[in-house]
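Chain and residue survey
Chain residues, written in single-letter form:
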Amino acid sequence: MRQYKFILSGGGTGGHIYPAIAIANELKLRFPDAEFLFVGAKDKMEMQKVPQAGYSIKGLWIAGLQRKISLQNLMFPFKLADSLWKSRKIIKQFKPDVVIGTGGFASGPLLKMASLMNVPTVIQEQNSYPGITNKLLSEKASAICVAYENLDRFFPADKMILTGNPVRQDLIDIEGKKAEAIEFFNLDANKKTLLVLGGSLGARRVNQLIEKELKNMLSQDIQIIWQCGKLYYEDYKKYDSANVKVLAFVEKMDFAYAAADVIISRAGASSVSELAIVGKPVIFIPSPNVAEDHQTKNAKAIVDKKGALLLVESELDSQFSLVFEALLKDQGKQKQLSENIKELAMPEATKRIADEIVKLIKNK
C-alpha cells in the first residue's frame, strides 16, 4: 500500500483544533504509515495543542479581520499574501494527497492554494451558519462535510455530505469513569457536580454569572468544575477551593464530562456535538457575539427536540437561579433531557468524514 500524506488545518479555538485532530487520529488508524502535517496560525493555541496530540505543525502569519479599524486590519493584505506564498511552499514540499480544513484563520489561504494547485480539498463545516472563509472556499472544494441539514443555501448541494461533527474518541465512552474522574478533580463522591464550560478562551458573561451566583449555588450542596478560560483565569482563580475547581483549560475532558451531573455551556458547534454524545442534562447559554447568532441556532436545534434548556444572556439575571434550581431538584427532568439529547448524537461522524477522504484518495 502506498504511503498517503495528509495536511490538516484548523485553529484559533478548540472548536476548530480538536475536530482536525479527531480526523487525523481516524485516518491514522486506517493508514498507520501515513504522514500528517498540520498548518495553523502562529501564536494561536493550535501551536501547542497539536504537538501535544503527537503531530507536527507549521505556522502561518495570519489573523482575522477586526470589526473596528485597527493596525491589524491594515496588515491583513500583507499577512494574507505571505500566508498564501508559505502555503504554496508547504504543499509543494509535502505533496499531500488531500488537504482538510476544519475552520480557523490558517485554513483559508491553505485550502485556497491547494485548490489552485489541483490538490483535493475537504471542508468540514461545524456550524449551522457557515463562516465566510468556508463559503468562499466551497466552490472549489472536492467535498464539504456538514453537521446540519439545509445548508444548500450556502454550499453547492452536490458536494455536501451530512456527517455530523468529529469529536475526540475518548468522549464517546465515558461509562465507568466517574469514580476515577471524581478522584482526579479531588471532588466529593457524595455531592452533585456542576460543570461550567465557557470554551477554550473563556466566556466573560458566563464567568460573571457564576461569580454572582456562586454563593447561592454552593448553598445547595453542590460542587463545581469551573472552566473559566485562559483569558479570565487570573480574575477567577481566587475562587478555587475544596468545592470549586477553577481551571483555565480542561485537559481531561472525558473526566470532566464523567464527573458532571449537570452542565452549563456555550453552544459552539463542537461543544453541542460533544454534549449530545455525553448525554448529560445541559443548560446552553449561547454567545450572542458570533456571526448570524449561530450559537443560538446550534442550541435551538437541540432545545426544539427537548434535549436541553436554553437561556439567552439578557435573561440571566432574572431567570438563571430559577431555571438552575428547578433542574437540580427535578431528577425526572434531568433524565428526560439526557435521553433526548443522546438521541441527537452522531458518534460516527469522524468515521463518516474519513470515509469521504478515503473516497477522494482512491479516486485520484
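Look a little higher up for the structure.
Throughout what follows, the structure given in this document is the object of discussion. This structure is a prediction, so every number in the text was calculated from the model and none was measured.

Some remarks on the sheet that holds strand β13 (residues 309-310)
Spatially, the six strands line up as an open sheet ordered β10-β9-β8-β11-β12-β13, and their pairing is parallel. What marks the edges here is a single partner per strand, and that holds for β10 (244-247) and β13. Pairing of strand β8 (residues 192-197) with strand β9 (residues 222-227), which is carried by six bridges, proceeds in the parallel orientation. Paired with T193 across the two strands is Q223, which belongs to β9.

A few points about the pairing of strand β1 (residues 5-9)
With respect to burial, β1 is a largely interior element, four of its five residues being buried. Pairing between β1 and strand β2 (residues 35-41): four bridges, direction parallel. Bridge pairing links I7 to L37 in β2. Taken together, β1, helix α1 (residues 14-30) and β2 constitute a β-α-β crossover, and its handedness is right-handed.

Observations regarding the packing of aromatic side chains
One pass over the structure, following the stated rule, counts 13 aromatic pairs. Ring geometry for Y4 and F6: centres 6.5 Å apart, planes at 40°, overall tilted. Note on accessibility: Y4 and F6 belong to one class, buried. Ring geometry for F6 and F36: centres 5.4 Å apart, planes at 25°, overall stacked. Here F6, found in strand β1, pairs with F36, found in strand β2; they are 30 residues apart in sequence, far enough to count as distant.

What to know about unusual backbone geometry
Look at K95: it is not a glycine, yet its phi comes out positive at around 55°. For K95, the location among the structural elements is in the loop between α3 (71-94) and β4 (98-101). In the Ramachandran plot, K306 falls in the positive-phi region, its phi being about 55° despite a non-glycine side chain. Among the secondary structure elements, K306 is positioned in the loop between α12 (294-303) and β13.

Side note on α1
Helix length check: α1, at 17 residues, gives a terminal C-alpha distance of 24 Å against a target of 24 Å (1.5 Å per residue), a fit within 8%. Residues G14, I17, Y18, P19, A20, I21, A22, I23, A24, E26 and L27 constitute the buried set of α1.

Re the side chain of T163
Turning to its location among the elements, T163 is positioned in the loop between β7 (160-162) and α6 (169-172). Setting aside residues up to four positions removed in sequence, T163 forms contacts with C145, V146, M346, A349, R352 and I353.

With respect to the sheet that holds β7
Taken in spatial order, the seven strands of this open sheet run β3-β2-β1-β4-β5-β6-β7, and their pairing is parallel. At either margin of the open sheet sits one strand with a lone partner, and together these are β3 (57-60) and β7. The sheet shows a mean angle of 20° between the axes of neighbouring strands, direction not considered. As judged from the four bridges shared by β1 and β4, these two strands associate in the parallel manner. When the bridges of β4 are listed, I7 appears paired with V99. Each of β1, β2, β3, β4 and β5 (121-125) touches helix α4 (residues 107-116); the most contacted strand, β4, lies at about 150° to it. Its contacts with the sheet place helix α15 (residues 349-362) against β1, β4, β5, β6 (143-146) and β7, and it is angled at close to 165° to β5.

Conventions adopted
- Residues numbered from 1 in each chain as written.
- Predicted model: local features only at pLDDT ≥ 70, side-chain atom pairs only at ≥ 80, totals over all residues.
- Heavy atoms only, no water.
- Pairing = 2+ DSSP bridges.
- Helix = DSSP H or I, 4+ residues; strand = E, 2+ residues; numbered from the N terminus.
- Buried < 20%, exposed > 50% of the residue type's maximum accessible area, 1.4 Å probe, protein only.
- Right-handed = clockwise from strand over helix to strand, strands pointing away.
- Phe/Tyr/Trp six-rings, centres within 6.5 Å; stacked < 30°, edge-to-face > 60°.
- Expected span 1.5 Å × (residues − 1).
- Contact = heavy atoms within 4.5 Å.
- Axes fitted to C-alpha atoms, helices over the stretch in contact; angles between N-to-C directions.

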